[in-house]
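Take a look at the letters that make up each chain.
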Amino acid sequence: MPDPVAGEKLPRPEVIFFDLFGTIFRWSKSPRVAIAEVLAAHDYHVGPDAVLRARREIERKLPARDEFPTDFEPQYWNHYNEEMLRKLQVPPTPELLAAIEAEIRQNVDLGLQPDAMPALQALKRTGVSLGVISNATFGARRDFLRLKLGPFFPQVVISQAVHARKPDPHIFLVALSKFGCAPTRAWMVGDEVETDIK
């Protein structure tokens, strides 16, 4: 489908897909900031941007043993943080891993973006179908339900469930198939150009 010309009205979509983290969800404190603060407290001066780069690199190449567990969320994040510290050239000691886990558990909460609920309510009134496509672990489903998003999204596709991460076309095709929708009749709303848009 060609890019629209400036001012041209886009055709009404059959489905609008949303990313979760950074789009619908909002952190009370950014995980990269929380991790950088823990590292600084242990005399490793690594900035939040370096933490983010390490996390993104890990997420592009997650090991198969951890990408798809259904019941091992703590193990997943422990391995994730170990790999992140190695990429930052910081020894992944048990003490440091425990400090990161405690900081995330105590000070990083997940809520909704201020405009998320009004926007979703307005879209639902139009009758357009809404779905989720997110690079996330199974744990995101708990937050999804806790934040009462179920009524808005009949289909939620997360990377851990379909063995593919955005921008892999497979995860998008799985989501489209759940609605019987052609790619040209769907919109994607997200906060990352590389994974959500391109």
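This report concerns the structure included in the present document. Here the structure is a predicted model, which is why all the values come from computation and not from measurement. (Residues numbered from 1 in each chain as written. Predicted model: local features only at pLDDT ≥ 70, side-chain atom pairs only at ≥ 80, totals over all residues. Heavy atoms only, no water.)

### Some details on unusual backbone geometry
This is how it is decided: By definition, any uninterrupted DSSP run of H or I lasting at least four residues is a helix, any uninterrupted run of E lasting at least two residues is a strand, and each is numbered from the N terminus.
The omega torsion across K166 and P167 is 15 degrees, close enough to zero to call that bond cis. One can find P167 in the loop between α8 (159-162) and α9 (169-179). Here D43, not a glycine, exhibits a phi torsion of approximately 70 degrees, which is positive. One can find D43 in the loop between α1 (31-41) and α2 (48-60).

### As for the pairing of strand β1 (residues 15-18)
A regular strand places its side chains so that they alternate between the two faces of the sheet. The cut-off we apply is this: Classification of residues uses two cut-offs on accessible area relative to the type maximum, computed with a 1.4 Å probe and protein chains only: under 20% is buried, over 50% is exposed, and between them is partly exposed. Whether two strands pair comes down to DSSP finding at least two bridges between them.
Taking every second residue as pointing to the same face, both faces of β1 are buried, with V15 and F17 on one and I16 and F18 on the other. Where β1 meets strand β4 (residues 129-134), four bridges bridge the pair, whose relative direction is parallel. Across the sheet, I16 pairs through a bridge with L130, a residue of β4. Strand direction decides the pairing type here: β1 and strand β6 (residues 186-189), joined by four bridges, are parallel. When the sheet's bridge partners are listed, F17 is paired in β6 with M188.

### Focus: α1
The test is simple: Any two residues having at least one pair of non-hydrogen atoms within 4.5 Å are treated as being in contact.
Looking at α1, one finds that the buried residues are P31, A34, I35, A36, V38 and L39. Looking at the buried positions of α1, the neighbouring elements they touch are β2 (25-27), α2, α4 (73-87) and α5 (94-107). Residue D43 follows α1 closely and has a positive phi angle near 70 degrees.

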